[in-house]
Amino acid sequence: MITNYTKPFTKEESLQHLNIFIREWFEKKYKELTPPQKYSLKLISEQHNLLITAPTGSGKTFSAFITIMSELMDLSLKGKLEEKVYCIYVSPLRALNNDIYKNLSAPLQEIYSQMTLDISKIRVATRTGDTTTKERQQMLAHPPHILVTTPESLAILINSQRFSEHFKGLRYLIIDELHELANNKRGVHLSMSVERLADMIGHDFVRIGLGATLSPLEDAARFLVGYRDNGEERDCYIVDATWDKKMEFIAMSPVNDIVNATDAVIEGSIYKMLNSIIKQNKTTLIFTNTRSGTERVVYNLMKSYKYNEESIAAHHGSLSRDTRLGVEEMLKKGELKCVVSSTSLELGIDIGFIDNVIQLGSPKSVARAVQRFGRSGHGFMDIAKGETIVTNRDDLVECSVMLDAAKKRHLDRFSTPKNALDILSQHIVGMSQTKKWTIDEAYKVIRRAYPYHTLTMDDFMALIFYLSGKYVGLESRRVYGKIWYDENEHTFGRRGKLTKLIYFLNLGAIPDDVAIDVFTTENKWIGNIEEEFMMRLKPGDVFVLGGHRYKFEYSRVMRCIVSDASGEIPTIPPWYSEQLPLTYELAIEIGKFREQLSKELMEYTKSRKLLSLISGKPKKEIGDIRILKDMPIDDKARNAIFRYFMEQLLYTKVIPNDHHMLIEKTKYKEQDRNYIIFHSLYGRRVNDALSRIVAIYLGDRYESEIGVNIVDNGFVVITDSQIDIKKRDIDIFLKEISTVNIREMLKENIKRTEMMKRRFRYCAARGFMVLRNYKGRKISVRKQQINAQLVFKAAEEIDPNFPIIKETYREIFDDVMDLPKAEDILKKMSKDEITYQLIETTVPSPFSHNMITFGEADIIMMKDRRKHIRELHKQVMSKIKRMF
Amino acid sequence: MRIAKGVEALEGLPVLYIEELSAIVCSDLHLGYEGVMADRGTFLPKVNLRNIKKTIKKAIEMTNAERIIIDGDIKNEFSNVHVEEFNEFYEFTKFLREELKLKQIDLIKGNHDNFIDRYEKSSNIKLYRQEASMNGFLFFHGEELPHDKEARFLVMGHLHPAIGVYNKLGIKEKLKCFLYGKMEDGREIVILPAMNYFAEGVDVAMRDLGENSPIFAKMLDVGGMEAICIGEDELLDFGKVSEIAAIGRR
């Protein structure tokens, strides 16, 4: 059973079970227990599984270790500390592992230095990809009592015949940064390793999960502890100490009028705000969401406010490891005034004292915002402080609602990829190496893991058939088979000498990634884009690279071939793939906010002072609007939201929300095209699926090319000007689509796309169909991609439901997009649970301006785009004025 | 579809039929390809041989030919005969003899067919080391220039010709094609599409073919050739390569 634990233990209750030396040291060192420690010490000493969520600096890692150290000290005093691993600590970050190693070694040193007894000491060691052969040898001879490792290294160790002997006495497993694992395939991989480990040593162990907050916590706990064979979840206590740290945050608008202020004014104001916040604090951490944004902010702060390399630095994934470590080191020493990061500093690496966190633009998720703010305020007694500075009006509404939701503790939901067949392939190969299994026994172990609890026998057997090489003739199984399978006995086991090597050299969930070269059709090199971005491109998409516009034509393995597209409207910004998608839950919160605010605004539409109200300067009346009053935002922001909503309301007479969709037909920039704007506020993953469904349908019906822009707040369908959609057409669409197998329809559509080609490579590599490393030789990503495309072609020919193909579609539909929710929304629309309204505008309505100019968007500043939005806004305003 | 007098391309298949020789002609099978790939760490499901058998069976049913002429590259590896190549080669020739009851199998050696000589006798095939002339037809693989000056009609493989077309979703796909045209000296020539399942082909309208075969430098202008693409169960005449190239570069 999963139990939320909310009553802290007293200090005496917490400390009484501790070893005397540990307790003395602890009490000398710390005056009091931190919030997580008030629960964990006692609960762990009683051998309960435990999930703790708390912000960084709350001592949660130490809260897990202290009881374990105490227990080991007891053993050592009794002379019973043996040569075996008692505790495994797993974190997704190597850098974190080194911190942990230091943070454990130092206290142990201190404790031992005060002891006069000569006892065997508790050993701690890290084991990652960086560990040298010599260190590995030493570990084999004298295993660490506490092993600090990564998910990948753990998977190697459980398959190492000699080392795994040391696990037989394992008592504790700690998984850190659980929020970074529970929502992806790396975590899925780890959860299977854990179940295999427990099965191998023949007994369970205490599982402790640590992380920043995430929702639902019950699912995170299930991910940590898994299930018993009777189908019940294992017991686990949840301690949520996230909110014990006080947080103060606010959304701020750089100017009163984000639309009409010039770029120079907005930009100037943003940097002025940044500078003044940095000045007021000791160390400020700024998140920008993209790598390029990070560099630009650093550059501009240096230029305008005389910061230099000693006072400000950038930290993001594209920088070299050494540069990043250098920045982290400077932070720890407290030397930097400010550090600017894309997302890389979200994780729990020790970065010393941060007293303020600024987010430039929306982090797109409530949980993420809370995590980021949680990085500030060193100790749990300090207040976490932060500001979100917005860059456009949608951003403003989004951030305001997001912070409001954070205040109310409404978090977005994470989800774990379920029944991922590629990851399971790896584990079946791994399992086969250790012993002979019966099918039933293996199936039982696999279903103990949370991500595989609902795995069907059919899917499992399809993998057994694939891995045993059943898809090739008997004589070739020697080469193809990675496990051996006996159909009569229903058993499987090891096959071939090479397989062991394949497992060790290819395991893991993170795909090899590489930059894609962009060439023109005349074979001229333009620059690089990320593969993730390439996946998003469809022929005809226009994007900006190096200041010029290009149209995507086709791809050749690791090349993107484009043609000149000057004068055309960009459809997708190059940082699109880097930008985190708005979550469904936050989108719904925004929808609810829209509904409430529009109700309150109705009475103002009759005000005689209306024009003056929406014309600019903050008005006292706006302060009276209840829903705006309660939000954690500044006056400029309040004023801007009021104007934004009022304009939309006056212009279209309706504010779309989560259960009323506005579908707007319009024109843009006198192009010979029709724009159909779906104000579908369900987050980008849902809109990704929804927009494709609409585009496929229209494309089939009118036998015409349909363009699509997908954003967080909706999507734009672009058709040629002859196609004129009427309400009747939408009703027919909703009716017809309810009888169609949408998954199959999308499969057909996605089969030949870049998304499929490249995602299939990821899955084929994870599923050991296309190796990344063979007999010690690395296979280039280019080669992997060519090979993956061949494999796809062949696998599809023999079985369109081949496990790795099936998994690729699952990954695209369930992890990249959110097809289940999209289907649900269509169903609700056909049943009128979500209503819609079709309107026609001569100039796009205010809520659609950011959608329609999306391709021109740049995260901080983009001159073209702002200009277009200003023009659109001017036209709308003149129309509104004429109404009076 | 009749390509020239007495020469027919079979609808929907990468196979030529020459009535007066009672022979079907095809090339670039690259048998054993998947096995070779598996040995390098890419586990391609085996579909090539299965597909080739299906195609040839269909071609024989359509024509009642008694003979097959393979215009080079029956196998894939340059340096050796891989065990999977031998297995598939053996299975394939057995299939031709026993199931399709073909009376003769001719193989013109291609650049991939090294060491195949070893199996000439045991598999009862007739092997031509450079080229083969029969009744005025000249079969040669294509990595080298043809020698015979007498033949009036030439058949070549090696190139894997294809045409890039955009599908409904605007995504470029390749269609394998026959190329038919006249040499500089006025003789007729057909270039065969690849039989291999994995070979997508070379887009002859977009690519410079000079490196592929010396024939394009000296004896043959590909732009003047007609592309006959293989669709589902039918052949589609796309017209001259130079015209397709002009549309493609618009």
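Scroll up to find the structure this text is about.
We now turn to the structure provided with this report. None of the values given here were measured: they were computed from a predicted structure. (Residues numbered from 1 in each chain as written. Chains lettered and ligands numbered in written order. Predicted model: local features only at pLDDT ≥ 70, side-chain atom pairs only at ≥ 80, totals over all residues.)

On to the overall build of chain A. A tally of regular secondary structure across chain A gives 33 helices and 29 strands. The globule rule puts the C-alpha radius of gyration for 884 residues at 29 Å, and the 29 Å found for chain A is close to it. Referenced to the eigenvectors of the C-alpha coordinate spread, the extents of chain A come out at roughly 90 × 70 × 50 Å. When contacts within chain A are restricted to residue pairs at least 6 apart in sequence, those whose partners lie at least 24 apart make up 73%. (Helix = DSSP H or I, 4+ residues; strand = E, 2+ residues; numbered from the N terminus. Rg over C-alpha atoms; globule rule 2.2 N^0.38 Å. Contact = placed C-beta atoms within 7 Å.)

Residue and element names in this part refer to chain A. A sheet is described by the order of its strands in space; here eight strands give the open sequence 1-8-2-7-6-3-5-4, paired in parallel fashion. Either end of the sheet is taken by a strand with one partner, and the two such strands are strand 1 (2-4) and strand 4 (124-127). Each strand of the sheet is rotated relative to its neighbour by a mean of 15°, with strand direction disregarded. Both strand 6 (residues 172-175) and strand 7 (residues 206-211) contribute to a ladder of four bridges, which runs parallel. Bridge pairing in strand 7 places isoleucine 174 opposite isoleucine 208. (Pairing = 2+ DSSP bridges. Axes fitted to C-alpha atoms, helices over the stretch in contact; angles between N-to-C directions.)

Strand pairing within a sheet occurs via backbone hydrogen bonds; the two strands may be parallel or antiparallel. Residues and elements named next belong to chain A. Here we have five strands laid out as an open sheet, ordered 19-18-22-21-20, and mixed in their pairing. Because the sheet does not close on itself, it has two edges, and the strands there are strand 19 (525-530) and strand 20 (542-545). Averaged over neighbouring strand pairs, the angle between their axes works out to 45° when direction is ignored. Two elements, strand 18 (residues 515-520) and strand 22 (residues 559-564), share four bridges in a ladder whose sense is parallel. Residue pairing for strand 22: threonine 520 is matched across the bridge by valine 562.

We now examine the nonpolar core. By size, the foremost hydrophobic cluster in this structure holds 317 residues, and its most contacted members are Ile174(A), Val717(A), Val791(A), Leu16(B) and Ile24(B). With ten residues, helix 24 (residues 635-652) of chain A is the largest single contributor of residues to this core. Membership of the second largest hydrophobic core comes to 16 residues, among which are Leu537(A), Tyr550(A), Cys560(A) and Ile561(A). (Core = buried A, V, L, I, M, F, W, Y, C linked by C-beta atoms within 7 Å. Buried ≥ 20, exposed ≤ 12 C-beta atoms within 10 Å, placed from the backbone.)

Moving on, we get to the packing of helix 28 (residues 754-766) of chain A against helix 30 (residues 803-816) of chain A. All names here are of chain A. Running from N to C, helix 28 and helix 30 point in directions that differ by 120°, and their axes come no closer than 9 Å. What the angle tells us is that helix 28 and helix 30 run oblique. Crossing geometry of helix 28 relative to helix 30 is assigned as right-handed. On helix 30, the residues touching Met755, Met756, Arg759, Phe760, Cys763 and Ala764 of helix 28 are Ile804, Glu807, Thr808, Glu811 and Ile812. Here the residues of the contact of helix 28 with helix 30 are counted per class, giving seven nonpolar, one polar and three charged. (Parallel < 35°, antiparallel > 145°, perpendicular 65-115°, else oblique. Left-handed = near helix turned anticlockwise from the far one by under 90°. Nonpolar A, V, L, I, M, F, W, Y, C, P; charged D, E, K, R; others polar.)

Take the interface of chain B and chain A next. Tallying the contact residues gives 20 residues for chain B and 27 residues for chain A. Only helix 1 (33-38), helix 3 (83-99) and strand 12 (172-182) of chain B provide two or more residues apiece to the side of chain B that touches chain A. A per-class count over the side of chain B that touches chain A returns eight nonpolar, six polar and six charged.

This paragraph deals with helix 3 of chain B. Residue and element names in this part refer to chain B. For helix 3, built from 17 residues, the straight-helix expectation of 24 Å at 1.5 Å per residue is met to within 8% by its first-to-last C-alpha distance of 23 Å. By the burial criterion, the buried members of helix 3 are Glu84, Glu85, Phe86, Glu88, Phe89, Phe92, Thr93 and Leu96. Contact partners of the buried residues in helix 3: helix 1, helix 2 (48-63), strand 5 (67-70) and strand 6 (104-108). Backbone geometry just downstream of helix 3 places lysine 101 in the positive-phi region, at approximately 55°. (Expected span 1.5 Å × (residues − 1).)

Our next topic: the environment of Arg870(A). Residue and element names in this part refer to chain A. Take arginine 870: it is sitting in helix 33 (residues 863-883). Given 16 C-beta atoms within a 10 Å radius, arginine 870 is considered partly exposed. Residues arginine 870 and lysine 436, 434 residues apart in the sequence, show an inter-C-alpha distance of 69 Å. Apart from residues lying up to four places away in sequence, arginine 870 is in contact with Val259 and Asn260.

This part is about helix 7 (residues 151-158) of chain A. For an α-helix, 3.6 residues make a turn, and residues three or four places apart therefore share a direction. All names here are of chain A. Counting buried residues in helix 7 gives eight out of eight residues, a clear majority hidden from the surface. Here helix 7 has its buried residues at Pro151, Glu152, Ser153, Leu154, Ala155, Ile156, Leu157 and Ile158. Check the buried side of helix 7 and you find it contacts strand 3 (87-90), strand 4, strand 5 (146-149), helix 8 (185-201), helix 15 (421-434) and helix 19 (498-506).

Residues and elements named next belong to chain B. Mapped onto the elements, isoleucine 105 comes out in strand 6. Judged by the 19 C-beta atoms lying within 10 Å of it, isoleucine 105 falls in the partly exposed class. Taking the C-alpha atoms as reference points, isoleucine 105 and isoleucine 125, 20 residues apart in sequence, are found 5.1 Å from one another. Excluding residues within four positions of it along the chain, isoleucine 105 makes contact with Ile68, Thr93, Leu96, Ile125 and Lys126.

Turning our eyes to something else, we now look at the pairing of strand 2 (residues 50-53) of chain A. All names here are of chain A. What you see with strand 2 is no split at all: Leu50 and Ile52 on one side and Leu51 and Thr53 on the other are buried throughout. Sheet topology note: the strand 2/strand 7 ladder contains four bridges and is parallel. For leucine 50, the partnering residue across the bridge sits in strand 7 and is isoleucine 208. Pairing analysis gives four bridges linking strand 2 to strand 8 (residues 236-240), with the strands arranged parallel. Paired with leucine 50 across the bridge in strand 8 is tyrosine 237.

Looking along a regular strand, one sees side chains alternate from face to face of the sheet. Residues and elements named next belong to chain A. Burial of strand 5 is two-sided: the residues Ile146 and Val148 facing one way and the residues Leu147 and Thr149 facing the other way are all buried. Where strand 3 meets strand 5, four bridges bridge the pair, whose relative direction is parallel. Within strand 5, the residue paired with cysteine 87 across the bridge is isoleucine 146. With four bridges joining them, strand 4 and strand 5 adopt parallel strand pairing. Pairing of alanine 125 across the sheet is with leucine 147, part of strand 5. Regarding the hand of the β-α-β motif, the stretch spanning strand 4, helix 6 (residues 133-141) and strand 5 is right-handed. (Right-handed = clockwise from strand over helix to strand, strands pointing away.)

Moving on to unusual backbone geometry. Residue and element names in this part refer to chain A. For the bond from serine 215 to proline 216, the omega torsion is -5°, close enough to zero to count as cis. For proline 216, the location among the structural elements is in the loop between strand 7 and helix 9 (217-225). A positive phi angle is found at asparagine 289, which is not glycine, with a value near 80°. Its place among the elements puts asparagine 289 in the loop between strand 10 (284-287) and helix 11 (291-305). Residue asparagine 289 is classed as buried on the basis of its C-beta count, with 21 C-beta atoms lying within 10 Å.

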